[in-house]
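Each chain, written out:
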Amino acid sequence: MADFDLSSDQRTELYRLVLEKLEHYYYNTSSLTVTPPLNKPDLERHLSEQSLEGTDSPADIIEEVTGMMTRHTVHTPHPRYFGLYNPRASFPGILADLITAVFNPQLAAWSHAPYAAETEQYLIRQIGTRFGLEDAHGTFATGGAEANQTALLCALQHTFPGIADHGIASLDRPPVIYASEEAHHSIAKAARTSGLGTKAVRTIPVDRHHRMLTCHLEDAIREDIQQNRRPFMLVATAGTTGTGAIDPLPALHNIAETYGLWFHADAAYGGGAALHSQLRKHLEGIEDADSITFDAHKWLSVPMGTSLFLTPHPSILKETFQIRTDYMPKDADGMPVRDPFAHSIQWSRRFIGLRLYLALRFFGWDGFEETIGRQAEMGDLLREKLSRTGWKVVNHSPFPVICFTDEQFSDDPEFAASVCQAVVRKGSSWISIYPVDGSQTLRACITNYNTGEKDLDGLIGDLSVARKKRSAMKQ
Ligand SMILES: *Cc1c(COP(=O)(O)O)cnc(C)c1O
C-alpha cells in the first residue's frame, strides 16, 4: 500500500526541495518574462507524457511541476505585472496556506475549529471597524464573486422573508437590482445563479467620471415600480474594475433608503482604501451600507481565494443560510457560537482568514497603510510619467488604476489593442485594454507592493517602442 505520509526523512528532503524552488522563484520573480507562451497542444502533450502510475520520483515531480509553473503562468507576482487586480502574495499569506494545509481544519462547524472560526470573526469585526461598521458581522468568502452573491441572497431574504422556504416562484412581482454599467459582471452572474436571471439587473449609465448617474437611477426605479416590478437591491461600486471609479455612495444610500432597497457596496478592490488614513475619505458613505464586499486578495496582497463579506445586520446571514441538520457537530459547551456552514454559501471550508491574520500580525495596520499608500503614489507617478511622454490619461480615480491613450492615434481604432499586444508579446511588462467612453484604451494598474519607479520606466519604455512600431506600420 502506498504510504501517503511518506517517511519523515523523505518529507524533510521534499520540504527542503520545495522551499529551495519557491524561494528561487520568489526572490527572482522580477528577472522572469511576465507572460508565458500560450500553447494548448504543447501543454496537453506534456501532461499526457507524465506518468500516473506513481513511478516517478517525488523530487523529479516537484522539479517538473515548479518548472511548468515558472514557464507557463502569467507572473502576477512580477513587479511589472500592471494587470487586473492580482497582487504578489506577501510572505505571511504564503505561510498561512502551508500551515492551513497541514492542520486542514474544518471550519464548517465552530466546534471543529474554534480557534480558526473565532480568528475569522475577530478579523471581520476588526476590518469592519475600518469601514466604519461598529459591530460588523460577516463571513470569509473565496472571492468577490461569492461575496456579491452572498449580498444578493441576503438582500432577497431581507426583502422577501418567505423566500428561504418558498423561493422566487412565490414572489408576486419580479425583483429588480440596480448597478452601474461599470459594475462587475459577478453581479449579473449572481442574479443568474440565484434564479433571478441577468435581466433582473438594471444597468444604470455613468457620468464622465464613470460614476453611476443618480438621476437615471431614480428614473429607472420609478419606472420599475410603475411597471409593477419590485426594486430590492442597489449595488454601488467603490472602485470599479475597469477604471477605479467610485459611485457616489452617500447619494446612492439616500436613494436606497427612500425606496427601501438593500444597499450593497462592492469594494472588492477599492476597499483597501479603508486601511489608509488619506485614501479612506474616498469611501465616505460606505459605513451606511447594508453589506460590503472586500477582497483581501486584491489590494491587501494575500493569496488568491480571500474575500470578506461584511454586514451590520446581526442575523441576516443566519436567516439566509441556516439549514437544520442532525449530523453536524453542535456542542460548544452551551456557548452561543456561529457555525460558518449556517452563515454562508460554503459548507466544508478552509481557514481562509489565516492569510490575512498572519499578514496583519506580521506588518500591523501601519504596514498595510504604508504599502497601500506607496502603491497609490506609484499610480500618481505613472500618471505623471505617461503625461510627460505624450499619453493622455482618460479615467479619474484616486486609486492606482490608469486608463490612457495617445490622441494622435484617435483615428486608429486598433491602436490600443495593437500597443497592448506588442507590450505583452515582448514579455517585460503586462498591461490590458479597457473601453472608456466608447474607445479602447490601455489600462495599467499597480497591483504589486514591490513595483517601483524603475518598473514604471520599464513600462514607459515598452509603450514607446510599441507606439513607434504602430506608427511605422500605419505609414
Ligand atoms: C474583482 C472584482 C470582483 C470579483 O471578485 P473575485 O475575487 O474575482 O471573485 C467583484 N467586484 C469588483 C468591483 C471587482 O473588482
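The structure under discussion appears in the preceding block.
Note that the coordinates shown come from a computational prediction; the quantities given were computed from them, not determined experimentally.

Colleague: So, the overall build of the protein: which residues are in play, and what are the values?
Modeller: If you tally the helices and strands in the protein, you get 14 helices and 11 strands. Along the first, second and third principal axes, the C-alpha set of the protein runs to 70 × 60 × 45 Å. For the protein, the residues scored as buried account for 51% of the 475 residues in total. Contacts spanning at least 24 positions in sequence make up 74% of the contacts within the protein whose residues lie at least 6 apart.

Colleague: Residues and numbers for the sheet that holds strand E9 (residues 401-405), please.
Modeller: Pairing within the open sheet is antiparallel, and its 4 strands lie in the order E8-E9-E11-E10. Among the strands making up the open sheet, the edge pair consists of strand E8 (392-393) and strand E10 (432-436). Here E8 pairs with E9 via 2 bridges, running antiparallel. Paired with Val 393 across the strands is Phe 404, a residue of E9. In this fold helix H12 (residues 354-388) packs onto E8, E9 and strand E11 (439-445), with an angle of close to 10° to the strand it touches most, E9. Sitting on the sheet, helix H13 (residues 415-426) is in contact with E9, E10 and E11, with an inclination near 35° to E11.

Colleague: Describe the side chain of Thr 441, listing the residues and the values that go with them.
Modeller: Note on placement: Thr 441 falls in strand E11. Its relative accessible area of 3% is what places Thr 441 among the buried residues. In this structure the side chain of Thr 441 is engaged in a polar contact, spanning 2.7 Å, whose partner is the backbone oxygen of Tyr 434. Not counting chain neighbours up to four residues away, the residues in contact with Thr 441 comprise Val 394, Cys 403, Phe 404, Ala 416, Ser 432, Ile 433, Tyr 434 and Val 436.

Colleague: Which residues make up helix H1 (residues 8-28), and what values do they have?
Modeller: Under the 1.5 Å per step criterion, the end-to-end length of H1 is 30 Å for 21 residues, consistent within 8% with the ideal 30 Å. Of all the positions in H1, only Leu 14, Leu 17 and Tyr 26 are classed as buried. All buried residues of H1 fall inside an arc of 160° around its axis, so they share one side. Away from the buried face of H1 by more than 90 degrees, exposed residues Asp 9, Arg 16, Leu 19, Glu 20, His 24 and Tyr 27 are located. On its buried face, H1 is in contact with helix H3 (58-71) and helix H4 (91-103).

Colleague: Could you give an account of the site of the ligand, with specific residues and numbers?
Modeller: Near the ligand there are 15 residues, and of these Gly 144, Asp 266, Asp 295, His 297 and Lys 298 occur at the shortest range. Within the backbone of Gly 144, one N or O atom sits 2.8 Å away from an oxygen atom of the ligand. Within the side chain of Lys 298, one N or O atom sits 2.9 Å away from an oxygen atom of the ligand. Against a free-state accessible area of 390 Å², the protein chains account for coverage of 85% of the ligand. In terms of residue count, the dominant contributor to the shell around the ligand is helix H6 (residues 144-159) (3 residues). Here the residues of the shell around the ligand sort into 3 nonpolar, 9 polar and 3 charged.

Colleague: So, a negative patch on the surface: which residues are in play, and what are the values?
Modeller: Taken together, the side chains of Glu 257, Glu 284, Glu 287 and Asp 288 present a region of like negative charge at the surface. Inspection of the secondary structure assignment puts Glu 287 in the loop between strand E5 (262-266) and strand E6 (291-295). Overall, Glu 287 belongs to the partly exposed group, its relative accessible area being 35%.

Colleague: Explain the nonpolar core residue by residue, including any values.
Modeller: With 62 residues, the main nonpolar core has Phe 131, Tyr 178, Leu 217, Leu 234, Ile 292, Leu 308 and Leu 356 as its most contacted residues. Considering every element that reaches this core, the biggest residue donor is H12, with 9 residues. When neighbours within four sequence positions are excluded, Leu 217 is seen to be in contact with Tyr 178, Ile 204, Met 212, Leu 234, Leu 252 and Ile 255. In terms of nonpolar packing, the next biggest core, distinct from the first, is built from 28 residues, Phe 415, Ala 422, Ile 431 and Ala 466 among them.

Colleague: Tell me about unusual backbone geometry, and name the residues and values.
Modeller: A negative phi holds for most residues other than glycine; trans holds for most peptide bonds. The backbone of Leu 6 sits at a positive phi, close to 60°, despite the residue not being glycine. Mapping Leu 6 onto the fold places it in the segment before H1. Even without being a glycine, Asp 437 presents a positive backbone phi close to 50°.

Colleague: Now, about the pattern of salt bridges: what can you tell me, with residues and values included?
Modeller: Evaluation of the coordinates by the stated rule reveals 20 salt bridges. Glu 384 serves as the salt-bridge partner of Arg 388, at 3.2 Å between the closest nitrogen and oxygen. Of this pair, Arg 388 and Glu 384 both sit in helix H12, 4 residues apart, roughly one helical turn. Assessed through its relative accessible area of 60%, Arg 388 is described here as exposed. When its relative accessible area of 44% is taken as the criterion, Glu 384 is described as partly exposed.

What counts and what doesn't
- Residues numbered from 1 in each chain as written.
- Predicted model: local features only at pLDDT ≥ 70, side-chain atom pairs only at ≥ 80, totals over all residues.
- Heavy atoms only, no water.
- Helix = DSSP H or I, 4+ residues; strand = E, 2+ residues; numbered from the N terminus.
- Buried < 20%, exposed > 50% of the residue type's maximum accessible area, 1.4 Å probe, protein only.
- Contact = heavy atoms within 4.5 Å.
- Pairing = 2+ DSSP bridges.
- Axes fitted to C-alpha atoms, helices over the stretch in contact; angles between N-to-C directions.
- Polar contact = N/O pair within 3.5 Å; in protein donor to acceptor, adjacent residues only side chain to side chain.
- Expected span 1.5 Å × (residues − 1).
- Arc of directions from axis to C-beta.
- Near = heavy atom within 4 Å.
- Areas by Shrake-Rupley, 256 points an atom, 1.4 Å probe, with all protein chains shown as cover.
- Nonpolar A, V, L, I, M, F, W, Y, C, P; charged D, E, K, R; others polar.
- Patch = residues over 30% accessible without salt bridge, like charges linked within 9 Å, V, L, I, M, F, W, Y side chains within 5 Å.
- Salt bridge = Lys/Arg side-chain N within 4 Å of Asp/Glu carboxyl O.
- Lys, Arg positive; Asp, Glu negative; His and termini not counted.
- Charge placed at Lys NZ, Arg CZ, Asp CG, Glu CD.
- Core = buried A, V, L, I, M, F, W, Y, C linked by side-chain atoms within 4.5 Å.

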